[in-house]
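# Secondary and tertiary structure notes
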Protein chains: 2
Amino acid sequence: MATHRFDPNFTNNVINAMGPKTEPRFRKLMAGLIQHVHDFARENELTVDEWMAGVKLLNWAGQMSDNVRNEGQLVCDVIGLESLVDEITFKLAEEAADAPTATAILGPFFRADTPFRNNGDSIVVTSAKGGEMAFMHGQVMDFVTKKPLVGATVEVWQASTNGLYEQQDPEQIEFNLRGKFRTDEEGHYSFYCLRPTPYPVPYDGPAGKLLQLMDRHPFRPAHIHIIATYEGYRPLTTQIFDRKDPYLTNDSVFAVKDSLIVDFVPRQGDPQAGLELTYDVRLARA
Amino acid sequence: MATHRFDPNFTNNVINAMGPKTEPRFRKLMAGLIQHVHDFARENELTVDEWMAGVKLLNWAGQMSDNVRNEGQLVCDVIGLESLVDEITFKLAEEAADAPTATAILGPFFRADTPFRNNGDSIVVTSAKGGEMAFMHGQVMDFVTKKPLVGATVEVWQASTNGLYEQQDPEQIEFNLRGKFRTDEEGHYSFYCLRPTPYPVPYDGPAGKLLQLMDRHPFRPAHIHIIATYEGYRPLTTQIFDRKDPYLTNDSVFAVKDSLIVDFVPRQGDPQAGLELTYDVRLARA
């Protein structure tokens, strides 16, 4: 390892300072973290001022975080870490041959107390300025047998056209643009929603400062969050992205995967919606 | 780089998302940081729960930090980062042939408003339980010519035997165990102090939690902080360590360098002190 000109024993000394009672997985993680952080410092000949600027930024993230905002998470998101951890999780599940639909990050706007609605209902309770209505529907099925799963839960949430989720926006009625649906006798779910629109992640804190310094925009491509669950099956958390979105190739948190891109198509003869989206979900046994 | 089985383009995509207006040094640092953080996640197949535990710990560090405590700094210290950055700084200065005495970290207990005392005075204003008195003295000189520097400033500070610096301890008189001295006509400084004693870094926060999980103790070996300055010369920040200290080889913040280890020797015929320490300081022209 020591191809640099600094003390060749320093990093090993720090790693080997861990005592015998260190839990093995924690030891592995800390050893890897210490090695990488030290290599980063040496390779870049990090100065005291640069290191201190980093410390200040991380402290600022903690100070800004509370019950409704996790700025430390957002800092990780803008350097791609949450999406990478999601990809690792997905890849390992895929190798175990049990993750049928690509996963995506949960994000900070999920609500555990979202109510059920009936199939065919609209989640657009507060009208959204400039919003395009879409009819979204699909079938939940067993990944292997393709048999429909009757009574499976499909939970969805999306931001409004102003870029805000209902809990961020006093103008939206509670639970606007979110709902849970139960699949019918053929495994189908359906509801009306908005064609999603892009929005910026909060950029008034350290994550925004990093984006600015990296000369990057804060926008996320338009997406709908989905969690599908069925007893005896592995729950699935994902996001689907509109193929026509201008930020599809430069998501500020790098969550887009090809298999999650969908097409909204014109819908004829429905006074409630001019667009339609078909999206099937395949779940794997637990 | 891509010897792993995850998306080989993911990390480059994140790095290349930086726009053309990114400041070049910042781009280099962020590219290195993103590469190392991603490599760390892939090599260890980091799970969502493990990543979230890290986010929580960093947010906690920020929430605990204020004007008198920098927990983000302390978290870096216990994984050796501040000492490594100091070593890098020292090495670069040494290569430029202008850093005569090894440096060490400043630490969080420096005070900018420390008063001058007279040579031969004692910095032990509040008596310290179980403390051993020492007479510390030496010469400040030009690194190259060895000529004494007359009127140079030597500033020192140390913790008391209870492990606390005066600003942490309501029982100590203000500026106890700290002082500034001006070298005399022969470049000499001198004062009475305590033989330093080991003390733990604060361990009621995330840094302490990390130490506990790594099965490590929080103790720093006994040391005295020194800053020496002289007009037209580069200021020197260092710490000196007592060779007899039991924590010399396992400092919780890894600040010990061989060249900073000193010997307290018996002192005869001085009713004020049973120990003596000679420590010369060599300064380099700016």
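Reading the values: rules and limits
- Residues numbered from 1 in each chain as written.
- Chains lettered and ligands numbered in written order.
- Predicted model: local features only at pLDDT ≥ 70, side-chain atom pairs only at ≥ 80, totals over all residues.
- Heavy atoms only, no water.
- Pairing = 2+ DSSP bridges.
- Helix = DSSP H or I, 4+ residues; strand = E, 2+ residues; numbered from the N terminus.
- Contact = heavy atoms within 4.5 Å.
- Buried area = accessible area lost by both parts, 1.4 Å probe.
- Salt bridge = Lys/Arg side-chain N within 4 Å of Asp/Glu carboxyl O.
- Buried < 20%, exposed > 50% of the residue type's maximum accessible area, 1.4 Å probe, protein only.
- Axes fitted to C-alpha atoms, helices over the stretch in contact; angles between N-to-C directions.
- Parallel < 35°, antiparallel > 145°, perpendicular 65-115°, else oblique.
- Nonpolar A, V, L, I, M, F, W, Y, C, P; charged D, E, K, R; others polar.
- Phe/Tyr/Trp six-rings, centres within 6.5 Å; stacked < 30°, edge-to-face > 60°.
- Domains from an automatic or database assignment.
- Least-squares fit on C-alpha atoms with pLDDT ≥ 70 in both.
- UniProt positions renumbered as here; feature names shortened; annotations may be inferred.

### Side note on the pairing of strand 11 (residues 275-278) of chain B
All names here are of chain B. Bridge count between strand 1 (residues 133-142) and strand 11: 4 bridges; the pairing is parallel. Bridge pairing in strand 11 places Met136 opposite Leu277. Pairing of strand 10 (residues 265-266) with strand 11, which is carried by 2 bridges, proceeds in the antiparallel orientation. Across the sheet, residue Pro266 finds its bridge partner in strand 11, namely Leu275.

### Points about the interface of chain B and chain A
Contacts between chain B and chain A engage 68 residues on the former and 68 residues on the latter. Interface area for chain B against chain A, summed over the two sides, is near 6100 Å², with a carbon-plus-sulfur share of 67%. Contact with chain A buries area across many residues of chain B, yet His36, Trp51 and Asp215 of chain B alone supply 11% of it, more than any other trio. Scanning the region where chain B abuts chain A turns up 4 salt bridges. Counting residues per element, the ones that place at least two in the side of chain B that touches chain A are helix 1 (10-16), helix 2 (24-43), helix 3 (48-64), helix 4 (71-78), helix 5 (81-95) and helix 6 (206-213) of chain B. For the side of chain B that touches chain A, the element with the most residues is helix 2 of chain B, which contributes 16 residues.

### What about the pattern of salt bridges?
Applying the stated rule across the entire model yields 34 salt bridges over all chains. Notably, a salt bridge pairs Asp251 of chain A with Arg220 of chain A, separated by 2.9 Å at the nearest N-O pair. With Asp251 of chain A in the loop between strand 8 (236-242) and strand 9 (261-262) and Arg220 of chain A in strand 6 (residues 219-220), this pair connects stretches of sequence that are 31 residues apart. Take Asp251 of chain A and Arg220 of chain A: they sit in the same class, and that class is buried. Of the charged contacts, one joins Glu174 of chain B and Arg111 of chain B as a salt bridge, the two residues approaching to 2.8 Å between their closest N and O atoms. Of this pair, Glu174 of chain B sits in the loop between strand 2 (153-157) and strand 3 (178-182) while Arg111 of chain B sits in the loop between helix 5 and strand 1, and the two are 63 residues apart along the sequence. Note on Glu174 of chain B: relative accessible area 48%, which makes it partly exposed. Assessed through its relative accessible area of 15%, Arg111 of chain B is described here as buried. Connected via shared salt-bridge partners are Arg111, Asp113, Glu166, Glu174 and Arg178 of chain A.

### Some remarks on the packing of helix 3 of chain B against helix 6 of chain B
Each pair of packed helices can be summarised by the angle the axes make with each other and by the distance between the axes. Residue and element names in this part refer to chain B. At their nearest, the axes of helix 3 and helix 6 sit 9 Å apart, and the two run at 140 degrees to each other. With respect to their mutual orientation, helix 3 and helix 6 come out oblique. For the pair formed by helix 3 and helix 6, the contact residues are Leu57, Trp60, Ala61 and Met64 on the first element and Pro206, Lys209 and Leu210 on the second. Taken together, the residues that form the contact of helix 3 with helix 6 break down as 6 nonpolar, no polar and 1 charged.

### Re the packing of aromatic side chains
Each aromatic ring pair is specified by the distance between its two centres and by the angle formed by the two planes. Residues and elements named next belong to chain B. Taken as a whole, this structure holds 18 aromatic pairs over all chains when the rule is applied. Aromatic pair Phe135 and Tyr192: ring centres 4.9 Å apart, planes at 50 degrees, arrangement tilted. Linking Phe135 in strand 1 with Tyr192 in strand 4 (residues 188-194), this pair joins segments that are 57 residues apart in sequence. Classification of Phe135 by relative accessible area gives buried; the value is 13%.

### Here we look at the domain arrangement of chain A
Its domain assignment divides chain A into domain 1 (1-46) and domain 2 (82-283). Between the C-alpha centres of domain 1 of chain A and domain 2 of chain A the distance comes to 40 Å.

### Notes on the sheet that holds strand 8 of chain A
All names here are of chain A. The sheet built from 5 strands is open, its strands ordered 3-2-7-8-9 with mixed pairing. Edge positions in the sheet fall to strand 3 (178-182) and strand 9, since each of these pairs with one other strand and no more. Relative to strand 8, strand 7 (residues 223-229) runs antiparallel, the two being bridged by 6 bridges. Within the sheet, the bridge partner assigned to His223 lies in strand 8 and is Phe241.

### So, the relation of the copies chain B and chain A
The two copies are related by a screw motion: chain B maps onto chain A through a turn of 180 degrees and a shift of 0.0 Å along the axis, at an RMSD of 0.1 Å. Both chain copies can therefore be described as sitting about a two-fold axis. Proximity to the rotation axis, assessed at the C-alpha, singles out Gly62 of chain B in chain B; its C-alpha lies 2.0 Å from the axis.

### Comments concerning unusual backbone geometry
All names here are of chain A. Its identity is not glycine, yet Glu45 carries a phi of approximately 40 degrees, on the positive side. Relative to the assigned elements, Glu45 resides in the loop between helix 2 (24-43) and helix 3 (48-64). Here Asp215, not a glycine, exhibits a phi torsion of approximately 55 degrees, which is positive. Tracing the sequence through the fold places Asp215 in the loop between helix 6 (206-213) and strand 6.

### Focus: the UniProt feature "domain: Intradiol ring-cleavage dioxygenases" (unreviewed entry) in chain A
As annotated in UniProt, the feature "domain: Intradiol ring-cleavage dioxygenases" (unreviewed entry) corresponds to residues 106-283 of chain A in the numbering used here. Along residues 106-283 of chain A the backbone is 4% helical and 31% strand, and the end-to-end C-alpha distance reaches 17 Å.

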